Amino acid sequence: MATVFIPPLMRRHTGGVEQVEVEGATLRLIIEALEERFPGVKQRLMQDGQIMPGVAASIDGETETMGLIQPVQPDSEIHFIPAIGGG
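Residues numbered from 1 in each chain as written. Predicted model: local features only at pLDDT ≥ 70, side-chain atom pairs only at ≥ 80, totals over all residues. Heavy atoms only, no water.

Participant: An account of the side chain of S58 is requested, with residue identities and associated values reported.
Facilitator: Structurally, S58 can be placed in strand 5 (residues 55-59). A relative accessible area of 10% places S58 in the buried class. The residues touching S58, leaving out its near neighbours within four places in the chain, are T63, E77, I78, H79 and I81. (Helix = DSSP H or I, 4+ residues; strand = E, 2+ residues; numbered from the N terminus. Buried < 20%, exposed > 50% of the residue type's maximum accessible area, 1.4 Å probe, protein only. Contact = heavy atoms within 4.5 Å.)

Below, the structure written as structure tokens:
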């Protein structure tokens, strides 16, 4: 199963869980599995069927380039990286 690292700002939706193992062959399926386990996570990661603007997904150290159809391996590590605001 892929390991998903939950960013601090999203941990309130996971009950404080920092990382979780989920199954899924694509980024979309990983997010669906997260939503099943932690309702409300999907709306923080997706908008209009795409990755939410201001959120990047890193799979095995590489920023995804194929959106939600990006392949995920069973031993992948996935990080969701929210944009940092500032000025």
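Participant: Account for the environment of Q70, with residues named and values stated.
Facilitator: With respect to the helices and strands, Q70 occurs in the loop between strand 6 (62-63) and strand 7 (77-82). Linking Q70 and L29, residues 41 residues apart in sequence, is a C-alpha distance of 9.9 Å. With residues up to four places along the chain from it excluded, the contact list for Q70 reads A25, T26, L27, I59, E64 and T65. Of the polar contacts made by the side chain of Q70, one reaches the backbone nitrogen of T65; its length is 3.1 Å. A polar atom in the side chain of Q70 sits 2.9 Å from the backbone nitrogen of M66. (Polar contact = N/O pair within 3.5 Å; in protein donor to acceptor, adjacent residues only side chain to side chain.)

Participant: Outline the confidence of the model for the chain, supporting the account with residue identities and numerical values.
Facilitator: Averaged over every residue, the pLDDT of the chain is 92; residues scoring 70 or more account for 97%. In the model of the chain, strand 6 stands out as the element of lowest mean pLDDT, 92, in contrast to strand 1 (residues 2-5), which has the highest, 98. (pLDDT = per-residue confidence, 0-100.)

Participant: Go over the sheet that holds strand 6 with me, naming the residues and quoting the values.
Facilitator: If you trace the five strands from one edge of the open sheet to the other, you get 2-1-7-5-6, paired in mixed fashion. Only two strands of the sheet have a single partner each, and these edge strands are strand 2 (19-22) and strand 6. Running at roughly 115° to strand 2, helix 1 (residues 27-37) makes contact with strand 1, strand 2, strand 5 and strand 7 of the sheet. (Pairing = 2+ DSSP bridges. Axes fitted to C-alpha atoms, helices over the stretch in contact; angles between N-to-C directions.)

Participant: I'd like a rundown of the nonpolar core, residues and numbers included.
Facilitator: Side chains of a nonpolar character, in soluble globular proteins, are inclined to be buried together. In terms of nonpolar packing, the biggest core is built from 24 residues, with V4, L27, L34, I78 and F80 touching the most fellow members. Residue assignment for this core shows that the elements contributing at least two residues are strand 1, strand 2, helix 1, helix 2 (41-45), strand 5 and strand 7. Among the elements that take part in this core, helix 1 stands out by supplying five residues, more than any other. (Core = buried A, V, L, I, M, F, W, Y, C linked by side-chain atoms within 4.5 Å.)

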